[in-house]
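Given next are the chains, with one letter for each unit.
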Amino acid sequence: MHNNEIPFLDTVGSIVKEASGLMLTDAFEISQKEGYANIVTSSDVAVQDFLCRRLSSLLPGSGFLCEEDDIHDTSHDLTWIIDPIDGTANYSRGIAQCAISVALKHGRDIALGVVWLPRTGELFTAERGRGAFLNGRRISVSKRPFADAVMCTALPVYHKEYAPLCSAIISETFMQCNDIRRFGAAAPELCYLAMGRCELYFEYLLSPWDFAAASLILTEAGGVITDLSGRPLTCTQPSGVIAGNSRENHGKLLEIVKRHIG
């Protein structure tokens, strides 16, 4: 794909950090895409435009799959998957858990992932086969068992009709694990799992840009991530997501989910 892999990842990280300058402002406008639950800010659009322009120059001829403006060009061997602000609701309210998420898909596989939380100064990166890192230091999942696990999750804010189903899954898991967290942004939560801040993850339905970059960071850190049937994620289609710090913990969570979903 390129000759010198680590500098290439560093270059993408630098571009993502530069793009976050367009986030770090109070002068942004908010509009609704589908009501209060699904919003977009002028910062989302500005960050995505910047990233598409810079990354296209970095890899001419690459495709893009992006959250805003219905950019779904996945016919290329190399495709950038971009969430300009994961956790837009958090961002709009001044909550720290919001991130720029950028993945590069090479064929069927995610080749590199970058998740940058500008309000906390945490840069998560991974390149396939080379491990996962937080601000340049290698990270790995925790070894905690299911009974001591913390699960990150959320109710499906865009599809509230599934709230009772998800609530049942969360409730059953809560009775068997340590505790539950909801930070409101998928990419940071999956990265927290990768570095050992939590051990389990469940969401009923996510878009590919929510999890593409973080899925590589998690697996490179030793974690396990699949769809709700236990199959590998495609990272080009919406999907439910289950993740764990170990195959055993992932498998136990998968069993709970399957009991409710069928």
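Higher on the page you've got the structure.
Residues numbered from 1 in each chain as written. Predicted model: local features only at pLDDT ≥ 70, side-chain atom pairs only at ≥ 80, totals over all residues. Heavy atoms only, no water.

Trainee: Can you tell me about the environment of Ser239, naming the residues and giving the values?
Mentor: Among the secondary structure elements, Ser239 is positioned in strand β15 (residues 239-244). Relative accessible area serves as the criterion here: at 14%, Ser239 is assigned to the buried category. In the structure, Ser239 is positioned 29 residues away from Asp210 in sequence and 10.0 Å away in space, judged by C-alpha atoms. Other than its neighbours up to four places away in sequence, Ser239 contacts Tyr204, Leu205, Leu206, Phe211, Asp227 and Leu233. (Helix = DSSP H or I, 4+ residues; strand = E, 2+ residues; numbered from the N terminus. Buried < 20%, exposed > 50% of the residue type's maximum accessible area, 1.4 Å probe, protein only. Contact = heavy atoms within 4.5 Å.)

Trainee: I'd love a proper account of the nonpolar core, names of residues and values included.
Mentor: Membership of the largest hydrophobic core comes to 39 residues, with the highest contact counts inside it found for Val115, Phe124, Tyr201 and Ile217. Residues in contact with Ile217, not counting those within four places in the same chain, are Gly113, Val115, Phe124, Thr125, Ala126, Ala132, Ile139, Cys191 and Ala194. Within the second largest apolar cluster, 28 residues are counted, among which are Val12, Phe50, Tyr91 and Leu112. (Core = buried A, V, L, I, M, F, W, Y, C linked by side-chain atoms within 4.5 Å.)

Trainee: Can you explain the packing of helix α4 (residues 163-174) against helix α7 (residues 247-261)? Please cite residues and give values.
Mentor: If you want to describe how two helices pack, look at the angle between their axes and the distance between the axes. Packing of α4 against α7 brings their axes to within 10 Å, and their N-to-C directions diverge by 145°. Here α4 runs over α7; the crossing is right-handed. Here Leu165, Ala168, Ile169, Glu172 and Thr173 of α4 lie close against α7, whose contacting residues are Leu253, Ile256, Val257, Arg259, His260 and Ile261. For the contact of α4 with α7, a count of residues per class yields 7 nonpolar, 2 polar and 2 charged. (Axes fitted to C-alpha atoms, helices over the stretch in contact; angles between N-to-C directions. Left-handed = near helix turned anticlockwise from the far one by under 90°. Nonpolar A, V, L, I, M, F, W, Y, C, P; charged D, E, K, R; others polar.)

Trainee: Give a detailed account of the layout of surface pockets, specifying residues and quantitative values.
Mentor: Roughly 260 Å³ of volume is contained in the second largest pocket. Lining the second largest pocket are 14 residues; nearest its centre among them are Arg128, Thr219, Ile225, Pro232 and Leu233. Elements with a contribution of two residues or more to the lining of the second largest pocket: β7 (109-117), α6 (208-220) and β14 (224-226). In terms of residue class, the lining of the second largest pocket is made up of 7 nonpolar, 3 polar and 4 charged. (1 Å grid on protein atoms, 1.4 Å probe; cavity = no way out; pocket = protein on both sides within 12 Å on 5 of 7 lines; lining within 4 Å. Points joined across faces, edges and corners; volume = space filled by probe spheres on them.)

From the geometry alone we can't say anything about function, so treat these as descriptive.
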